[in-house]
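Examination of the molecular architecture
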Amino acid sequence: MKKIINHLLFALLAAVSINSQAAGGAVALDKAPIDLRNAESLQRGAQTFVNYCLSCHGAVAMRYNRLEDIGLSKEQIEKNLMFTTDKIGNPMKVAMDAKEGKAWFGATPPDLSLIARSRGSDWLYTYLRGFYRDDTRPTGWNNTVFDKVGMPNVLWQLQGQQILEVKKEGAHEVHTLKLAQPGLLTRGTESGGYDNKEFDQRVGDLVNFMTYMSEPAQVKREQIGYAVVLFLLFILVPLTYLLKKEYWKDIH
């Protein structure tokens with residue numbers, strides 16, 4: 001019996017280790033600013049997704065008319081976000097041909113409908129901010145979260161160009177990203193560095209939308225859950241108590 005328990009514990013620890021490596025490996029993940037009730041953030045994220053992601057990646061589980069749920073009007077969606085179709089009820093399909101994508105990047109860019117559920121919001125937030133220049137890669141880019149990634153940094157014009165600095169501290173190597181060339185959303189500071197807050201906010205909005213896209217009904221589901229709990233506490237429980245008193249009154 002003791003051996004069986006030890007084997008089960010070992011298997012559990014191995015599974016946790018594998019899941020941890022799949023989620024982010026040895027890289028510390030930054031906390032994504034997820035707020036699915038922030039309609040303005042979701043709207044900005046939808047705009048960034050359409051402008052920078054939808055040219056290579058699709059989101060076939062998401063339809064354009066679902067964007068009305070985050071506060072956008074039909075006219076706003078048709079005018080500003082629909083570039084690959086003329087019907088608002090159609091899914092958000094990729095603009096690029098799948099064969100061309102495989103030829104350019106070595107593999108067909110995956111659909112992003114459920115990427116936030118499979119990878120996690122924190123992984124996406126860290127990944128999208130973790131690109132750096134690497135001339136050894138075919139695209140000229142690499143990533144601290146996904147080593148030897150085939151995807152280029154599509155947000156480089158906003159972020160600028162980062163380089164990876166490697167320093168030795170004893171027997172260990174410390175990897176640090178440094179902004180070598182600023183972008184449209186990165187500004188210089190008085191100390192000679194760069195302020196990434198505006199870019200980080202843009203990426204946060206994008207990840208917020210991708211998290212919403214992976215489960216659009218999450219907020220409504222939580223609201224229904226709260227309503228059910230309140231019903232149980234304030235209506236069903238008192239009724240059950242009164243029924244119990246009435247039942248035992250006849251017995252006694």
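Treat the numbers as computed from the prediction; the structure is a model and nothing was measured.

Before going further, it helps to examine helix α2 (residues 39-52). An ideal rise of 1.5 Å per residue puts 20 Å on 14 residues; α2 measures up with 20 Å between its terminal C-alpha atoms. Those residues of α2 that fall on the buried side of the exposure criterion are S41, L42, G45, A46, T48, F49 and V50. On its buried side, α2 packs onto β1 (59-63), β2 (91-92) and α8 (197-214). Taking the backbone nitrogen of E40 as reference, a side-chain oxygen 3.3 Å away marks N38 as the first, capping residue of α2.

Counted by the stated rule, this structure contains 4 aromatic pairs. Arranged with centres 4.8 Å apart and planes meeting at 15 degrees, the rings of W123 and Y127 form a pair that is stacked. Pair noted here: W123 and Y127 are both in helix α6 (residues 121-128), with a separation of 4 residues, about one helical turn. By the burial criterion, W123 is buried, and Y127 matches it. Residue placement shows R119 over the ring face of W123; its charged tip is 4.4 Å from the ring centre. Its guanidinium or amino end placed over the ring of Y125, R129 lies 4.3 Å from that ring's centre, counting from NZ or CZ.

Using the residue numbers shown here, the UniProt feature "binding site: heme c" (unreviewed entry) corresponds to C53, C56 and H57. The residue C56 is located in the loop between α2 and β1 in this model. Looking at C56, the relative accessible area reads 21%, which means it is partly exposed. Leaving out residues up to four positions away in the same chain, C56 has contacts with V94, M96, F105 and P109. Tracing the chain through its elements places H57 in the loop between α2 and β1. H57 has contacts with V94, P109, P110, L112 and M151, leaving out every residue within four places of it along the chain.

Take the nonpolar core next. Note that soluble globular proteins tend to have their nonpolar side chains buried in a common cluster. Ranked by internal contacts, the top residues of the largest apolar core, which has 42 residues, are F49, Y64, L67, I70, M92, F209 and M210. Of all the elements in the fold, those that place two or more residues in this core are α2, β1, α5 (115-119), α6 and α8. Top contributing element to this core by residue count: α8, with 8 residues.

Turning to the side chain of H57, a few remarks are in order. According to the relative accessible area criterion, H57 is buried, its value standing at 10%. Among the polar contacts made by the side chain of H57, one reaches the main-chain carbonyl oxygen of P110 at a distance of 2.8 Å.

What follows deals with the environment of Q157. Here Q157 lies in helix α7 (residues 156-159). For Q157, a relative accessible area of 47% translates into the label partly exposed. Between the alpha carbons of Q157 and T186 there is a distance of 9.8 Å; along the sequence they are 29 residues apart. Here Q157 is in contact with G183 and L184, once residues within four sequence places are set aside.

Moving on to the pairing of strand β6 (residues 172-182). Inspection of the sheet shows strand β5 (residues 160-169) paired to β6 by 10 bridges, in the antiparallel sense. Of the residues in β6, the one forming a bridge with Q161 is Q181. From the end of β5 to the start of β6, which pair antiparallel, there are 2 residues, and G170 there has a positive phi angle of about 70 degrees.

Let us look at the packing of α2 against α8. In the contact formed by α2 and α8, the axes pass within 7 Å of each other and the chain directions differ by 95 degrees. As summarised for this structure, α2 and α8 are arranged roughly perpendicular, according to the angle between their axes. Listed contacts from α8 to S41, L42, R44, G45, A46, T48 and F49 of α2 are Q201, R202, D205, L206, N208, F209, M210, Y212 and M213. Residues belonging to the contact of α2 with α8 are distributed by class as follows: 8 nonpolar, 5 polar and 3 charged.

Moving on, we get to unusual backbone geometry. Of note in the backbone geometry, K148 takes a positive phi value of approximately 60 degrees without being a glycine. Classification of K148 by relative accessible area gives exposed; the value is 53%.

Another aspect to go through is the state of the cysteines. All told, the structure shown has 0 disulfides when counted by the stated rule. Of all cysteine sulfurs, the one in C56 lies closest to C53, which takes part in no disulfide; the gap is 8.9 Å. Since its relative accessible area comes to 9%, C53 is described here as buried.

Definitions and limits used
Residues numbered from 1 in each chain as written. Predicted model: local features only at pLDDT ≥ 70, side-chain atom pairs only at ≥ 80, totals over all residues. Heavy atoms only, no water. Helix = DSSP H or I, 4+ residues; strand = E, 2+ residues; numbered from the N terminus. Expected span 1.5 Å × (residues − 1). Buried < 20%, exposed > 50% of the residue type's maximum accessible area, 1.4 Å probe, protein only. Contact = heavy atoms within 4.5 Å. Polar contact = N/O pair within 3.5 Å; in protein donor to acceptor, adjacent residues only side chain to side chain. Phe/Tyr/Trp six-rings, centres within 6.5 Å; stacked < 30°, edge-to-face > 60°. Lys NZ or Arg CZ within 6 Å of the ring centre and 35° of its normal. UniProt positions renumbered as here; feature names shortened; annotations may be inferred. Core = buried A, V, L, I, M, F, W, Y, C linked by side-chain atoms within 4.5 Å. Pairing = 2+ DSSP bridges. Axes fitted to C-alpha atoms, helices over the stretch in contact; angles between N-to-C directions. Parallel < 35°, antiparallel > 145°, perpendicular 65-115°, else oblique. Nonpolar A, V, L, I, M, F, W, Y, C, P; charged D, E, K, R; others polar. Disulfide = S-S within 2.5 Å.

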